[in-house]
Amino acid sequence: GIIDTVRGRHAEAIRAFTKTEAIYLPLAYASGAAQAQISRGTVHFIRGELQAAGAAFRAAMATATRFQALQMLGIAELNLGAVYTSLSEYATAKDLFLQALAHFEAVGATTSMAQAAAFAAAVCPGNEFDALVLRAEDALRRCGPSLHRSVAQRVLAEHLALRGRFAEARAHLREAEAIYGAPTEQWAMTAVRAVECDLA
C-alpha cells in the first residue's frame, strides 16, 4: 500500500490498506488497524476525496479509542483536523488539534506535540496564538530533527510571518531547511517561505 501510494497508484493503495485493516481488526491489533485506516484516509485526502478521508480518519479514531491507543488516536485526530482545515472549518480543526496535543502529551510524543500545537496555532483565533506558539516551541526544543518536526516548524513560521514576526519565522525556517538532504516539495515550500521572510 505504501509503495502504491508513493507511485501514485491510489486505487491499489486503498485496496491494500482496506485488506490490511480487515486482517488486523479481528486480531485486536489496534495500532496496525488504526494505521491502515489512517493510511487509507491519507490516500483519499491526496485525491481530494475529503468525505472519504474524514470517514477513514473517524474509523481510526474509533479503533484507537476502543483499544486505548492514545498515540494513534492523536494521529487520527491530527489528520481529521487537516480535513476540516481544508474545508475552512477552523474551529472544529482547532479542537481536533488540541485533542491530539493532549493525547501526545499523555504519551510524551514530542514531535507530534510540536505538530499539533503548530497546526492549532495556524487555525486558532488571534488571542490564542501566542500561547500555542509557546507550546509548539517548547515541544520543538525537546524533539530531535525529523521531517515531521520540519513540517511543524514550517507551518509555525508561516503564521509567525503572517503576523509580521519575520525574525522568529526565519529562525524556524532555517532549522527546517537544514533537515532536508535534497530538494523535495517540503524543502521547496520551506525555502520559498524563507525567501519571503528575507524580502519582508
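Preceding this section is the structure that the text describes.
Residues numbered from 1 in each chain as written. Predicted model: local features only at pLDDT ≥ 70, side-chain atom pairs only at ≥ 80, totals over all residues. Heavy atoms only, no water.

1. What to know about the pattern of salt bridges
Here's step 1: Scanning all chains against the criterion turns up 14 salt bridges.
Here's step 2: We note a salt bridge from Arg-170 to Asp-198, for which the minimum N-O separation is 3.0 Å. With Arg-170 in helix 10 (residues 166–179) and Asp-198 in helix 11 (residues 185–199), the pair connects residues that are 28 residues apart, well separated along the chain.
Here's step 3: Where Arg-193 meets Glu-196, a salt bridge forms, and the shortest distance between an N and an O atom there is 3.3 Å. Here Glu-196 and Arg-193 lie together in helix 11, a separation of 3 residues that amounts to about one turn. (Salt bridge = Lys/Arg side-chain N within 4 Å of Asp/Glu carboxyl O. Helix = DSSP H or I, 4+ residues; strand = E, 2+ residues; numbered from the N terminus.)

2. Describing the environment of Met-189
Here's step 1: For Met-189, the position within the fold is in helix 11.
Here's step 2: Taking relative accessible area as the criterion, Met-189 reaches 31% and is therefore assigned partly exposed. (Buried < 20%, exposed > 50% of the residue type's maximum accessible area, 1.4 Å probe, protein only.)

3. Brief notes about the nonpolar core
Here's step 1: Judged by nonpolar contacts, the single largest core of 51 residues is most densely connected at Leu-78, Leu-80, Phe-97, Phe-104, Phe-119 and Leu-156.
Here's step 2: The element best represented in this core is helix 7 (residues 110–123), accounting for 9 residues.
Here's step 3: Apart from the residues lying within four places of it in its own chain, the contact partners of Phe-97 are Leu-78, Gly-81, Ala-82, Thr-85, Ala-116, Phe-119, Ala-120 and Val-123. (Core = buried A, V, L, I, M, F, W, Y, C linked by side-chain atoms within 4.5 Å. Contact = heavy atoms within 4.5 Å.)

4. Topic: the side chain of Thr-63
Here's step 1: When you line up the elements, Thr-63 lands in helix 4 (residues 50–66).
Here's step 2: The exposure class assigned to Thr-63 is buried, which follows from its relative accessible area of 6%.
Here's step 3: Here Thr-63 is in contact with Leu-25, Ala-30, Ala-33, Ala-34 and Gln-37, once residues within four sequence places are set aside.

5. Things to note about the packing of helix 4 against helix 5 (residues 70–86)
Here's step 1: The contact between helix 4 and helix 5 brings their axes to 8 Å, and the two run at 160°. Here helix 5 runs roughly antiparallel to helix 4, going by the angle between their axes. Crossing angle aside, the handedness with which helix 4 passes helix 5 is left-handed. Residues Leu-50, Ala-53, Gly-54, Phe-57, Arg-58, Ala-60, Met-61, Ala-64 and Thr-65 of helix 4 form the contact with helix 5, whose own contacting residues are Met-72, Leu-73, Ala-76, Glu-77, Asn-79, Leu-80, Val-83, Tyr-84 and Ser-86.
Here's step 2: When grouped by side-chain class, the residues that make up the contact of helix 4 with helix 5 number 12 nonpolar, 4 polar and 2 charged. (Axes fitted to C-alpha atoms, helices over the stretch in contact; angles between N-to-C directions. Parallel < 35°, antiparallel > 145°, perpendicular 65-115°, else oblique. Left-handed = near helix turned anticlockwise from the far one by under 90°. Nonpolar A, V, L, I, M, F, W, Y, C, P; charged D, E, K, R; others polar.)

6. Some words on the state of the cysteines
Cysteine pairs can be covalently joined through their sulfur atoms, and such a bond is termed a disulfide.
Here's step 1: Applying the stated criterion across every chain, the model contains 0 disulfides.
Here's step 2: There is no disulfide at Cys-124, and the cysteine sulfur nearest it, in Cys-197, is 18 Å away.
Here's step 3: Unpaired in terms of disulfides, Cys-143 finds its nearest cysteine sulfur in Cys-124, a separation of 20 Å.
Here's step 4: Note on Cys-143: relative accessible area 9%, which makes it buried. (Disulfide = S-S within 2.5 Å.)

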